[in-house]
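# An overview of the molecular structure
One letter stands for each residue in the lines below.
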Amino acid sequence: MEPAPNWALQASWARINSPEALEPDDDEARTSLSALYARPLGDEGSLSATLAWARKDRIPGDALQAWLAEGAIRPNPHWTIFPRAEQVEQDELAGHHGGASTVRKLSVGAIYEIPLSATVKLGFGGLVSAFDAPASLG
């Protein structure tokens, strides 16, 4: 759905019977919401941002959630800067019945692109990330 210029919204829900072969008697209900904003920035640049949230309800079992916020700032045709923050509640790392763990990640990166032709670019970039995870997953 596009409620206004530069905006796109999404919502979904599904009930999935037996999504995991190792646990055929367990079902899941999944919900997700997201919003995307994008617009030009100056004469040659662009700005975009995404916010997303998801929830997985295990039937039977707990509900697990995840979210992310990310963006891309392109001030000119050569540079792109991209930040991202995310958090995931996950129980598959220790087995579905071993309890949920929360994992967080924060990243920022940049890429410099050099056009080689009308359809090919060469990019040089880097990404730095910081993690927060329970010691039991290490």
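Look above for the structure.
The present account deals with the structure reproduced in this document.

Reading the values: rules and limits
- Residues numbered from 1 in each chain as written.
- Predicted model: local features only at pLDDT ≥ 70, side-chain atom pairs only at ≥ 80, totals over all residues.
- Heavy atoms only, no water.
- Helix = DSSP H or I, 4+ residues; strand = E, 2+ residues; numbered from the N terminus.
- Buried < 20%, exposed > 50% of the residue type's maximum accessible area, 1.4 Å probe, protein only.
- Contact = heavy atoms within 4.5 Å.
- Areas by Shrake-Rupley, 256 points an atom, 1.4 Å probe, with all protein chains shown as cover.
- Pairing = 2+ DSSP bridges.
- Axes fitted to C-alpha atoms, helices over the stretch in contact; angles between N-to-C directions.
- Patch = residues over 30% accessible without salt bridge, like charges linked within 9 Å, V, L, I, M, F, W, Y side chains within 5 Å.
- Salt bridge = Lys/Arg side-chain N within 4 Å of Asp/Glu carboxyl O.

As a further point, take the overall build of the protein chain. Across its full length, the protein chain carries zero helices and seven strands. Along the protein chain, helices (α) and strands (β) appear in the sequence β-β-β-β-β-β-β when read from the amino end. When each of the 138 residues of the protein chain is scored for burial, the buried share is 18%. If you take every contact in the protein chain between residues at least 6 apart in sequence, the share linking residues at least 24 apart comes to 39%. Carbon and sulfur atoms provide 61% of the accessible area of the protein chain, an area that totals close to 9100 Å².

Here we take up the sheet that holds strand 5 (residues 79-90). Taken in spatial order, the seven strands of this open sheet run 1-2-3-4-5-6-7, and their pairing is antiparallel. At either margin of the open sheet sits one strand with a lone partner, and together these are strand 1 (7-16) and strand 7 (121-132). The mean inter-strand angle of the sheet, taken between neighbouring strand axes irrespective of direction, is 10 degrees. As paired strands, strand 2 (residues 27-41) and strand 3 (residues 45-59) are joined by 15 bridges and run antiparallel to one another. Within the sheet, the bridge partner assigned to Arg-39 lies in strand 3 and is Leu-47.

In the segment running from Ile-59 into Pro-60, the intervening peptide bond is cis, with an omega of 0 degrees. With phi around 75 degrees, Asn-6 is a residue other than glycine that occupies positive phi space. If you trace the backbone, Asn-6 turns up in the segment before strand 1. With a phi angle near 50 degrees, Ser-18 is a residue other than glycine that sits in the positive phi range. Turning to its location among the elements, Ser-18 is positioned in the loop between strand 1 and strand 2.

Our focus in this paragraph is a nonpolar patch on the surface. On the surface, Ile-114, Leu-116, Val-120, Leu-122 and Phe-124 cluster together into a nonpolar patch covering about 430 Å² of accessible area. Along the chain, Ile-114 turns up in strand 6 (residues 101-115). Residue Ile-114 is classed as partly exposed on the basis of its relative accessible area, which comes to 31%.

These values are about where atoms sit, not about what they do.
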